[in-house]
Amino acid sequence: MVLTALAEEKGFKMINAEKIRLDFPILEEKVGGKPLVYLDNAATTHKPGAVLDRLIEFYTRMNSNVHRGVHSLSREASGAYEGARETVRSFIGARSAKEVIFTRGTTDGINLIADIFRETVINAGDEVLVTEMEHHSNLIPWQAACAKKGAVLKVLPFDGEGRLKTDELDGMLTDKTRIMALSYISNVLGTENPVKDIVRTARSRGVPVLVDGAQAVQHIKVDVRELDCDFFVFSGHKMYAPTGIGVLYGKKEWLDRLSPYRYGGGMVNSVSLDRSEYAEAPFKFEAGTGSLAEAVSLAAAIGYMDSIGMEGIKEHERRLSEMLCERLAGIGGVTVYGPPSGRRGVVSFNLEGAHPYDVGTLLDKMGIAVRTGTHCAEPVMKRLGVPGTVRASFAVYNTEKEIEKLAGGVKKIRAIL
Ligand code: PMP
C-alpha cells in the first residue's frame, strides 16, 4: 500500500505482475513438470496475447504487400504498416516518421550504418570509437569496417564498477573520429550509460553517435530528441514483439545525406535501364519486402507497454533487480558484476567454484531459465576475468516470487558444491 501511494504521488501506476502474467500464454507452460520461471528476457521476451492477436489478424484480415497496390487489402496493409511507423516515432520521440527505418533487428540496423559509413564516410587513417562493454553486434561491424578501410578502432574502457570511464572520452575523440557507437544499457552489466552527456561531448567535437538501444527500450522511456543522438537502433523481439523486426532511427540530416546500401524494389522513384532515382528516407533504406506483420505487431507491443506505463515498468524491474542482488549477497560465495546502483534489467553473477554452465543447467532442472555464457560480449568477460556469467534478466511479468525461487535455487546449488 505504501508503495502504491508513492507511485501515485510520482504519477505512475504500480505493476501487478501476477495480473500481467495472464496476458502471456507461454507463461502457463511447465518445464520438467515445474512452473516456468523465465528470467532470460534480455535474450528475448515473451509475447502478450495482444501482440499474437495482431500478428494473426494481419494474416487473416489484411495480408497483402504494402505500397504497391491500389486494391483494398494492399491499402489496408499499407495503412497498418505506416501506422506502425508512426507509433514507433511517437514511442521514441522522433521528429518525423521519415526518420524511422524498419530493419530486421538491432544487428541489422548497426550493420546498415556501419556498411554505409564504411563505403562513404570512413577512410584510411580515420577512427571509430566504441566502448569495452559492447555486444558483439555493436563491435564486429565496426571492427570489420575499420579493417577494410585501414581505419583505427578505439575503445573507451569501463571501470571496476562497470561504468564507462567518461573522463577519458574527450581525450579519445579526435578530428579523425568518424563515429562513436555505444550501448545505452549493457546486456551483461546492466549499466545505464550517461548517453545524453556522452552524445553532447561527442557532438561538440563534430562526432556523430549511434546508440544501441537493444537493452533500453523495454526498460526505460527513450527520447531520441532529448538524447540528441544521430542514430538509435533496437529489436522488437526484446520488447514483447515478434522476431524479424527492428528499428533504425536516424536524424533526417543524416538520412538525406547517406546513400542506400541495398538496392531493389520499393526504394526508388523512377528507374531506367542505366540509372535510378532513389526515393527519400525511410524508403531508400528499405529495399524489398519488409517484415510487415511483424512491424504491425511491434506497434501492438508498444501499445501494450504504453498501457502499462514505462515508469511503472522501470520501477518494477528496479525492485526485482535490487531484491535479487540482496538475496545473492546473503548466500555467500556469489560475485555480482556491474554497478552497485542504477542497474537496469539484468543481474550477472557467478558462484564460487562453479562454472556458469553448470549453474544454468542445475537451475533449468528447477524450471528456472537464465542465460549462461559470454552473452555475445567476450571482451567484457576478458575484462572481468571470467569464462562467462549467469545472467538473470527481467520483464514486466516477472514476480518477487520468481526472484525468491532463483535465489533459493542458487542457495541449493551452493549447498551441494
Ligand atoms: N546489442 C545488445 C546490447 C544486445 O543485448 C543484443 C541482443 N542480445 C543485440 C545488440 C543484438 O540484438 P539482435 O540479435 O536482436 O539483433
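In this text the structure is predicted, and so the values were computed from the model without any measurement. Positions within a chain are numbered from 1, following the residues in the order the chain's sequence is written. Per-residue local features of the predicted model are confined to residues with pLDDT of at least 70, and side-chain atom pairs are confined, for both listing and counting, to 80 or more; whole-chain, interface and lining totals are unaffected and use all residues. Only hydrogens and water are removed before side-chain values are computed, so all heavy atoms of the structure are retained for them.

Undergrad: How do you make sense of the sheet that holds strand 6 (residues 152-156) when you look at a structure like this?
TA: Hydrogen bonding along the main chain pairs the strands of a sheet, whether they run parallel or antiparallel. The sheet built from 7 strands is open, its strands ordered 4-10-9-8-7-5-6 with mixed pairing. Sheet topology places strand 4 (100-103) and strand 6 at the edges, where each strand pairs with a single neighbour. Within this sheet the neighbouring strands show an average axis-to-axis angle of 20°, counted without direction. In what follows, residue pairs with any heavy atoms lying within 4.5 Å of each other are defined as contacts. Whenever a helix is involved, its axis is fitted only over the stretch in contact; in every case the axis is a line through C-alpha atoms, and angles between N-to-C directions fall within 0 to 180 degrees. For the purposes of this entry, the term helix denotes a DSSP run of H or I that reaches at least four residues, the term strand denotes a run of E that reaches at least two, and both are numbered from the N terminus. Running over the sheet, helix 6 (residues 140-149) touches strand 5 (127-131), strand 6, strand 7 (177-183) and strand 8 (209-212) and is turned about 145° from strand 6. DSSP bridges decide pairing: two strands pair if at least two such bridges lie between them.

Undergrad: It is not clear to me how the domain arrangement of the protein should be interpreted in this structure. Could you clarify?
TA: Size of an interface: often given as the accessible area lost when the parts come together. Looking at the assigned domains, one finds that the protein contains domain 1 (2-35 + 309-416) and domain 2 (51-306). For domain 1 versus domain 2, the distance between C-alpha centres works out to 28 Å. With 35 residues of domain 1 at the contact, the number on the domain 2 side is 30 residues. In this description, buried area is defined as the sum, over both parts, of the accessible area (probe of 1.4 Å) that is lost when the two are combined. Of the roughly 2,600 Å² buried where domain 1 meets domain 2, counting both sides, 59% is carbon and sulfur surface. Interface area lost by domain 1 to domain 2 is led by Met310, Arg344 and Arg383, which between them contribute 26%. What counts as a salt bridge is simple: a side-chain nitrogen of Lys or Arg found within 4 Å of a carboxyl oxygen of Asp or Glu. Our count for the domain 1 to domain 2 interface comes out at 2 salt bridges. Here Arg383 and Glu132 are joined by a salt bridge, their closest N and O atoms 3.6 Å apart. For the side of domain 1 that touches domain 2, the secondary-structure elements that each account for two or more residues are helix 12 (310-331), strand 14 (346-351) and helix 14 (378-384). A total of 6 residues in the side of domain 1 that touches domain 2 trace back to one element, the largest contributor, which is helix 14. Reported domain spans reflect what an automatic or database domain assignment gives.

Undergrad: So what exactly am I meant to see when it comes to the nonpolar core here?
TA: Buried together is how nonpolar side chains tend to be arranged in soluble globular proteins. Judged by nonpolar contacts, the single largest core of 80 residues is most densely connected at Tyr184 and Phe232. Considering each element in turn, this core owes the most residues, 12 residues, to helix 11 (residues 292-308). Mapping this core onto the domain boundaries places at least three of its residues in each of domain 1 (2-35 + 309-416) and domain 2 (51-306). Other than its neighbours up to four places away in sequence, Phe232 contacts Tyr184, Val211, Gly213, Val217, Val222, Val224, Leu227, Val247, Leu248 and Tyr249. Here, the term nonpolar core denotes a set of buried Ala, Val, Leu, Ile, Met, Phe, Trp, Tyr and Cys residues that are joined through side-chain atoms within 4.5 Å. Partly exposed residues are those whose accessible area sits between 20% and 50% of the maximum for their type, while under 20% is buried and over 50% is exposed, using a 1.4 Å probe and protein chains only. Ile116, Val128, Leu139 and Ala281 belong to the second largest nonpolar core, which has 28 residues in total.

Undergrad: Explain the pairing of strand 5 to me, please; I cannot follow it from the model alone.
TA: Looking along a regular strand, one sees the side chains alternate between the two faces of the sheet. Along strand 5, 5 of the 5 residues are buried, which leaves the element largely enclosed by surrounding structure. Residues Glu127, Leu129 and Thr131 of strand 5 are buried on one face, and the alternating residues Val128 and Val130, pointing to the opposite face, are buried as well. Here strand 5 pairs with strand 6 via 5 bridges, running parallel. Each bridged residue has a counterpart across the sheet, and for Val128 the counterpart in strand 6 is Leu153. As judged from the 3 bridges shared by strand 5 and strand 7, these two strands associate in the parallel manner. Paired with Glu127 across the bridge in strand 7 is Thr177.

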